[in-house]
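The residues making up each chain are set out below.
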Amino acid sequence: MADPFETDDEEGDFLGFPEERESSINHSDNELDISVSTANTEDLSDFDPNEWEADIKEEEVDQRWNSNRDAVNVDPFVQRTGPVTDVTGMSALDFFKLLFKDENFDRIAVETNRYAQQSIAVKTDPLWYETTADEIRTFFALNILFGIKQLPEIHAYWSKNPFLGVPEVQKVFSRNRFMKISQYLHLNDKSKELPRGDANHDKLFKVRPLLDAVVVSIKSEYLPSKCVSIDKAMIPFKGRLGMKQYMPQKPTKRGIKVWECADSANGYVVDLSVYTGKERGMNTEQGLGYRVVYKLTRPLVGKNHHVVIDNFFSSIPLAENLLREKIYLCGTVCSNRQGIPREIAPTTQQVKRLRQGESLFLRKGNLVLTVWKDKKPVYFLSTQSNPVGDLQVNRRQHDGSIIQVPSVPVVKSYNNNMGGMDLSDQLRGYYMTGRKSKKWCHILEKLSPRHRNRTLLAFRLDLIKNLIGNFSARKLSVSSVRTEGGHWPISYSKGRCKRCLKQRKVTWCRMACELCDKRICLDCFRNHTAEDLV
């Protein structure tokens, strides 16, 4: 490890800073402009000037950037980790219910029916009838299936073309019924939403109940391991949305930005926060990155967790404040971030002369700032890694050969633990459904003792089967909805549906209502009355 204060004179040895330079790297906030000789000691009979001076000197040394090579002090992590509930022998459906409670389906059914009634009050919809929690559960199961078996358009699942149509989907739902639920699907009471100009307007109002319920579940059902990583994730979305973000440097350029805290060991997301834009009345003294990390680390306070972040979030005040709360930080940092000592700025000769694998560091107590030369200088900020160490990393040359390059502990710590969010994004990218897809229940299964060794695909197929069960919207539409009151479907000669004709549509069918004695198609049969066929 090179000395950041190395002199340009190769023959001379470094003998310390001149007095004026030494004072220049000390923070002005920590300087004391009072001396013992000028202090009023009239009532300080037990005051020991020598002891006081010793304490001040020790505090000044600890708060001054220096090149002390001693190891940092890190308290051991002794917290319990893993699933909170005993998951031994659980099925795919059991894992799903840990994170997505049955009450969520009940609420969605209530709010969907409420919104349908609000819409029908404005414009009638003869094809709608009330949904149930079982039907909503099956609707969700089909959406999971659509992420696995992807077709060019949603209608293709009900195609009569044998190369496109999916018979199992057609048995469970008719196309029109599926589209009707999609049309009216709601998670909250729209009539209670505040207007956009209101100070308390919530951009996530329409999904707030479900989002909050899922976040509570994922936080309460799992205890993270020692290392977690915090980063941003993007949910692809190209429609009209006020909080949609555009990030040209990312693979997903347009979508909804979500701040996530993930377990570095397995990618389980232990907390998340959807970014809705600049908040009104927010204290901007600390930057956005600081506020995000501070919010997501509240459940980790006092437990000696290690948090890994990138240079968007990291700053010296954040590292110092988290350290006071027994949270250790590791991450890259921008070289021009406020508080970075100018002694190791990119423009200094010490940094410019670094060769690949060489490094410099400065520290204040546990806070270590390291610049390590890879292809270019990379700055790291850490409160949990020693400033020096005998480590190596592999680097590929232009000719394809592999060489070993000297490294420092903070590089290894960052590379080993920053991948939690990358793993989470990778899992979320499998079999995407168009709505945000969550794979945490599969992670819980892999962590359970004596679990079945199966892929994510096998897990999801099992989950779909159990979510659907014996439910069929087609059975519900005939046996439960219309047979009460004497209406019964019967075979009939081929012709046009009477009810569709009144709506200026042409639908050919071979069935009729026995009570009404009128030809009617299956979709119109569900909730028709005798007056509809006159």
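Residues numbered from 1 in each chain as written. Predicted model: local features only at pLDDT ≥ 70, side-chain atom pairs only at ≥ 80, totals over all residues. Heavy atoms only, no water.

K.L.:
I keep staring at the pattern of salt bridges and nothing clicks. Help me out?
P.N.:
Overall, the coordinates contain 17 salt bridges when judged by the stated rule. As a salt-bridge pair, Arg177 and Glu135 come within 2.8 Å of each other at their nearest N and O atoms. Here Glu135 lies in helix α5 (residues 133-148) and Arg177 lies in helix α7 (residues 175-184), a separation of 42 residues in the sequence. The buried category is assigned to Arg177, whose relative accessible area is 2%. Take Glu135: its relative accessible area is 0%, and that puts it in the buried class. Between Glu320 and Lys364 there is a salt bridge whose closest N-O contact spans 3.3 Å. (Salt bridge = Lys/Arg side-chain N within 4 Å of Asp/Glu carboxyl O. Helix = DSSP H or I, 4+ residues; strand = E, 2+ residues; numbered from the N terminus. Buried < 20%, exposed > 50% of the residue type's maximum accessible area, 1.4 Å probe, protein only.)

K.L.:
For this particular structure, what's the right way to read the nonpolar core?
P.N.:
For soluble globular proteins, nonpolar side chains are generally found buried alongside one another. The biggest cluster of nonpolar side chains holds 89 residues, and the ones touching the most others in it are Leu142, Val169, Phe173, Val307 and Ile309. Examining the composition of this core, we find that 8 residues originate from one element, α5, more than from any other. Setting aside residues no more than four positions away along its own chain, Leu142 makes contact with Val169, Phe173, Phe178 and Ile468. Core analysis: the second largest hydrophobic core is formed by 11 residues, Phe380, Val408, Val410 and Val411 among them. (Core = buried A, V, L, I, M, F, W, Y, C linked by side-chain atoms within 4.5 Å. Contact = heavy atoms within 4.5 Å.)

K.L.:
Mind showing me how you'd approach the packing of aromatic side chains here?
P.N.:
To describe a pair of aromatic rings, you give the distance between the ring centres and the angle between the ring planes. As enumerated under the stated definition, the model contains 22 aromatic pairs in all. On the basis of an interplanar angle of 75° and a centroid distance of 6.5 Å, the ring pair of Tyr157 and Trp158 is categorised as edge-to-face. Residue Tyr157 is classed as buried on the basis of its relative accessible area, which comes to 3%. With 5.0 Å between their ring centres and 85° between their planes, Phe312 and Phe313 make a pair best called edge-to-face. (Phe/Tyr/Trp six-rings, centres within 6.5 Å; stacked < 30°, edge-to-face > 60°.)

K.L.:
Whenever I open this one, the side chain of Arg137 confuses me. Can you help?
P.N.:
Locating Arg137 in the fold gives a position in helix α5. Not counting residues up to four positions away in its chain, the partners in contact with Arg137 are Asp102, Phe105 and Leu467.

K.L.:
What is the right way to look at the pairing of strand β5 (residues 254-263) in this model?
P.N.:
Sheet faces and side chains relate simply in a regular strand, where the side chains alternate between the two faces. Most of β5 is tucked away: 9 of the 10 residues are buried. Across 9 bridges, strand β3 (residues 227-236) lies against β5 in antiparallel orientation. Residue pairing for β5: Ser229 is matched across the bridge by Ala262. When strand β4 (residues 245-246) meets β5, the two strands line up antiparallel, connected through 2 bridges. (Pairing = 2+ DSSP bridges.)

K.L.:
When you look at a nonpolar patch on the surface in this model, what are you seeing that I'm missing?
P.N.:
A surface patch of nonpolar side chains, about 320 Å² in accessible area, is lined by Leu501, Val506 and Trp508. With respect to the helices and strands, Val506 occurs in the loop between α17 (498-502) and β15 (508-513). In this structure Val506 comes out as exposed when scored by relative accessible area, which is 52%. (Patch = residues over 30% accessible without salt bridge, like charges linked within 9 Å, V, L, I, M, F, W, Y side chains within 5 Å. Areas by Shrake-Rupley, 256 points an atom, 1.4 Å probe, with all protein chains shown as cover.)

K.L.:
I'm lost on the pairing of strand β12 (residues 391-396) in this one. Help?
P.N.:
Two strands pair when backbone bridges link them, and β12 and strand β13 (residues 402-407) are joined in this way by 6 bridges, in the antiparallel orientation. In the sheet register, Leu391 faces β13, and the bridge partner there is Ser407. Once β12 ends, the chain turns through 5 residues before running back antiparallel as β13, passing Gly400 with a positive phi of about 95°.

K.L.:
Any chance you could explain the confidence of the model for the protein here in plain terms?
P.N.:
The predicted structure's coordinates, where accompanied by low pLDDT, should not be read in detail. Predicted confidence across the protein gives a mean pLDDT of 81, with 78% of residues reaching 70 or more. Taken together, the stretch residues 434-438 has pLDDT below 50 and engages in 11 contacts with residues farther than four places along the chain or on a different chain. Note on residues 477-482: pLDDT under 50 across the span, and 15 contacts to partners over four residues away in sequence or across chains. (pLDDT = per-residue confidence, 0-100.)

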